[in-house]
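Survey of secondary and tertiary structure
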Amino acid sequence: MKPSSVTCPCDSGAPYAACCQRWHSGQAAPDATALMRARYAAYVLGLTDYLLQTWHASTRPASLQDDANAPPLKWLGLKVLHDKQLDNSNASVEFIAHYKVNGKAEKLHEHSRFVREQGQWWYVDGDFLEG
């Protein structure tokens, strides 16, 4: 089955073609939450170029090279807990992403910061949270 005909990995419930595929194809995400969901979907789909392209230049790593010895992650789902438009140029999104590594269920709980410049939202950084 083509990715465009399946449910989007961002857990929106929408088909990929009507959801994150447009952001992955180059259209600017309309808000920080849409960008965060598209970035999660990019992790699921292995779209590392998109992840780097949507990372703010001030905090962007040179690459997303995984440790060759690290076990692979299997992403299981996303839950957006809170999103907040702080002003016209700044927003935050708190989410939990569930995954498995070595057969063990884990979760990533993050409070992410986003900035909007020249009409485009960028991921800046995030704080990992417990619980």
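A brief look at the structure comes next. (Residues numbered from 1 in each chain as written. Predicted model: local features only at pLDDT ≥ 70, side-chain atom pairs only at ≥ 80, totals over all residues. Heavy atoms only, no water.)

**Brief notes about the overall build of the protein**
Scanning the protein from N- to C-terminus turns up 3 helices and 4 strands. Scanning the protein from its N terminus toward the C terminus, one meets helices and strands in the order α-α-α-β-β-β-β. The globule rule puts the C-alpha radius of gyration for 131 residues at 14 Å, and the 14 Å found for the protein is close to it. Judged by the C-alpha coordinates and their principal axes, the protein covers about 40 × 35 × 30 Å. Relative to its 131 residues, the protein shows a buried fraction of 35%. At a minimum sequence separation of 6, the contacts of the protein that also span at least 24 residues come to 39%. Carbon and sulfur atoms form 49% of the exposed surface of the protein, whose accessible area is close to 7900 Å². Of note, the protein has its 13 positive side-chain charges centred 7 Å away from the centre of its 14 negative side-chain charges. (Helix = DSSP H or I, 4+ residues; strand = E, 2+ residues; numbered from the N terminus. Rg over C-alpha atoms; globule rule 2.2 N^0.38 Å. Buried < 20%, exposed > 50% of the residue type's maximum accessible area, 1.4 Å probe, protein only. Contact = heavy atoms within 4.5 Å. Areas by Shrake-Rupley, 256 points an atom, 1.4 Å probe, with all protein chains shown as cover. Lys, Arg positive; Asp, Glu negative; His and termini not counted. Charge placed at Lys NZ, Arg CZ, Asp CG, Glu CD.)

**Side note on the pattern of salt bridges**
Tallied over the entire structure, the rule returns 3 salt bridges. Across the salt bridge formed by Arg113 and Asp127, the nearest N and O atoms sit 2.9 Å from each other. Pair noted here: Arg113 is in strand 3 (residues 104-117) and Asp127 is in strand 4 (residues 120-128), with a separation of 14 residues, a long-range link. Through salt bridges that share partners, Arg113, Asp125 and Asp127 make up one connected network. (Salt bridge = Lys/Arg side-chain N within 4 Å of Asp/Glu carboxyl O.)

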